[in-house]
Amino acid sequence: MVPVKDCRVRVELECTCTREQLVENTGCFLHHPKEELSRNPAASLLGSLCTGSYLDVQKTARWFQNLVRSAWEEMPQSHRYSMEVRPSSRSCMLQLTTASGRRLFVEMVFGVQQGDSDIFLSSQTTEASFTPSTTWAESCAVAEVKVFRHMARQAPHDTFHLKCLQLFDGILVGTGFSMSILKTVAMHLLNTIPPESWSRREFLVRLQDILWYLHGCLEDKRLDHFFFGNENIPEDIILPPDFQTAEPLNLFQHLVQDPSAHTHAVREFNELQDRLTRLLFYGQ
């Protein structure tokens, strides 16, 4: 289980009187009369997207969905697909259908960048049973993508580190191990095993390395979050200051606190190992 930090995005009004002289049909939220602002659709955006002083995920989703509906006919893709906006309170889900009936599903998730860093606040729902509409979950997804791209640039063309993850993705179903946990393991290994050692001919060895690393973490009841307090982050990954100065965050802390959860995790690891063996040797 990867802990997710829930955040709120406070929206504050600022004076734009000097800027509005350069842009026609704009009004300063602070200094223009409310009646004048109400006649300007752009000025009503604050009320459309926020609840109180905080950016609202559900309002943002509804606003964007309506924007897509109104703009679809002007987009080149409208000549090839009919479009239907599917129900979703925290994202924009589209169903695109060709003339032959082939369907394509697209989901767009909203994010707010933290400063100039690679960490975002995401509209994706957290694991909580009830998530307030002004709650945004902290996400490292962009930073993860940049890590794997960084490693791909360092590695030979036949690097197989992504193939390793794709293989594990197919056998994790029904276990307590998420893809986030396996990606964390892979990123730690990519930071220690030379890029040229992730080639096709060493594919099986790297798969075994991933399992051994995960097994060691289970034995120690400790798997450090890759981005918190890690001094070996690639230089092109930009993190907020609190990430850089934080103590390492143990993703397996719940195993320390709950012996039965640890026993169950070890049992599921053995099942994962058996699944990998069957897949590699018997193709099932």
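The structure we're discussing is the one just above.
In this text, all values refer to a predicted model and were calculated from it rather than measured experimentally.

Draft legend 1. Expanded view of unusual backbone geometry. Notably, lysine 221 is not glycine yet its phi reads approximately 55°, a positive angle. Relative to the helices and strands, lysine 221 is located in the loop between α8 (203-220) and α9 (241-245). You can call lysine 221 partly exposed: its relative accessible area is 26%.

Draft legend 2. Representation of the pairing of strand β9 (residues 136-139). Of the pairings in the sheet, the one linking strand β1 (residues 6-7) to β9 comprises two bridges and is antiparallel in character. Bridge assignment links aspartate 6 to a residue of β9, and that residue is alanine 137. Two elements, strand β8 (residues 120-122) and β9, share three bridges in a ladder whose sense is antiparallel. When the sheet's bridge partners are listed, serine 122 is paired in β9 with alanine 137.

Draft legend 3. Fine view of the packing of aromatic side chains. According to the stated counting rule, one finds four aromatic pairs in the structure shown. Between the aromatic rings of phenylalanine 226 and phenylalanine 227, the centroid separation amounts to 5.2 Å while the plane-to-plane angle is 90°, which identifies the pairing as edge-to-face. The same class applies to phenylalanine 226 and to phenylalanine 227, which are both buried. Above the plane of the ring of tyrosine 54 lies arginine 8, whose end atom (NZ or CZ) is 3.8 Å from the centre.

Draft legend 4. Broad picture of the nonpolar core. In terms of nonpolar packing, the biggest core is built from 46 residues, with Phe168, Phe177, Ile181, Leu182, Leu214, Phe227 and Phe252 touching the most fellow members. Those elements that place two or more of their residues in this core are α5 (141-154), α6 (161-171), α7 (179-190), α8 and α11 (259-282). Beyond its immediate chain neighbours, meaning those up to four positions away, phenylalanine 227 contacts Cys140, Ala143, Glu144, Val147, Met187, Ile233, Ile237, Leu239 and Phe243. In this structure, Val9, Val68, Trp72 and Leu94 belong to the second largest nonpolar core, which totals 18 residues.

Draft legend 5. Region of interest: helix α4 (residues 57-71). Helix length check: α4 (15 residues) gives 21 Å between terminal C-alpha atoms against 21 Å at 1.5 Å per residue, within 8%. Looking at α4, one finds that the buried residues are Val57, Thr60, Ala61, Gln65 and Val68. On an axial view of α4, the arc spanned by its buried residues comes to 130°, and they lie on one face. Against α3 (45-49), β3 (54-55), β4 (82-86), β5 (92-97) and β9 lie the buried residues of α4. With a side-chain oxygen lying 2.9 Å from the backbone nitrogen of glutamine 58, the N-terminal cap of α4 falls on aspartate 56.

Draft legend 6. Molecular detail of the sheet that holds strand β7 (residues 111-113). Pairing is antiparallel across the open sheet formed by four strands, whose spatial order is β1-β9-β8-β7. Edge positions in the sheet fall to β1 and β7, since each of these pairs with one other strand and no more.

Rules used throughout
- Residues numbered from 1 in each chain as written.
- Predicted model: local features only at pLDDT ≥ 70, side-chain atom pairs only at ≥ 80, totals over all residues.
- Heavy atoms only, no water.
- Helix = DSSP H or I, 4+ residues; strand = E, 2+ residues; numbered from the N terminus.
- Buried < 20%, exposed > 50% of the residue type's maximum accessible area, 1.4 Å probe, protein only.
- Pairing = 2+ DSSP bridges.
- Phe/Tyr/Trp six-rings, centres within 6.5 Å; stacked < 30°, edge-to-face > 60°.
- Lys NZ or Arg CZ within 6 Å of the ring centre and 35° of its normal.
- Core = buried A, V, L, I, M, F, W, Y, C linked by side-chain atoms within 4.5 Å.
- Contact = heavy atoms within 4.5 Å.
- Expected span 1.5 Å × (residues − 1).
- Arc of directions from axis to C-beta.
- Polar contact = N/O pair within 3.5 Å; in protein donor to acceptor, adjacent residues only side chain to side chain.

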